[in-house]
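# Structural overview for review
Chain residues, written in single-letter form:
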Amino acid sequence: MYLPIGSDMSLRDSSIIGIFDLDNTTSSKDTRAFLKQAEDGGQVVTVTDELPKAFILTREFTMDRVYLTQFSTATVAARCEAAGQKQTK
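Anyway, here's the lowdown on the structure attached to this text. Since the structure is predicted, the reported quantities are computational estimates derived from the model, not experimental observations. (Residues numbered from 1 in each chain as written. Predicted model: local features only at pLDDT ≥ 70, side-chain atom pairs only at ≥ 80, totals over all residues. Heavy atoms only, no water.)

The way to describe two aromatic rings as a pair is by their centre distance and the angle between their planes. With the rule as written, the count across this model stands at one aromatic pair. Pairing Phe20 with Phe55 gives two aromatic rings, centres 5.0 Å apart and planes at 25 degrees, and the pair type is stacked. With Phe20 in strand β3 (residues 16-21) and Phe55 in strand β5 (residues 54-60), the pair connects residues that are 35 residues apart, well separated along the chain. The lysine or arginine in question, Arg79, covers the ring of Phe71, its NZ or CZ lying 4.1 Å from the ring centre. (Phe/Tyr/Trp six-rings, centres within 6.5 Å; stacked < 30°, edge-to-face > 60°. Helix = DSSP H or I, 4+ residues; strand = E, 2+ residues; numbered from the N terminus. Lys NZ or Arg CZ within 6 Å of the ring centre and 35° of its normal.)

Put into structure tokens, the structure is as follows:
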């Protein structure tokens, strides 16, 4: 199943490790260091021209990626849940 995350981009749900709120998580120096390292390593993909509200951490084919999305964690989680319900029907 695929999860739409904005700008006509979707992620395979099995590749998602976590969905994190940027406002809450970037107060931690460890999270800021992680995001800086990911950005320096070319692993950050911005899928919005708007201010990002969340980041989605994925691993697929042994490659980690961080996707910045304009959607809140609640919106992304609701889309994930809705996609899961469609798959079981």
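From this point, the narrative continues.
Turning our attention to the side chain of Thr25. Along the chain, the position of Thr25 falls in helix α1 (residues 22-25). Only 2.7 Å separates the side chain of Thr25 from the backbone oxygen of Asp21, close enough to count as a polar contact. (Polar contact = N/O pair within 3.5 Å; in protein donor to acceptor, adjacent residues only side chain to side chain.)

Any functional reading would require information that these geometric values do not contain.
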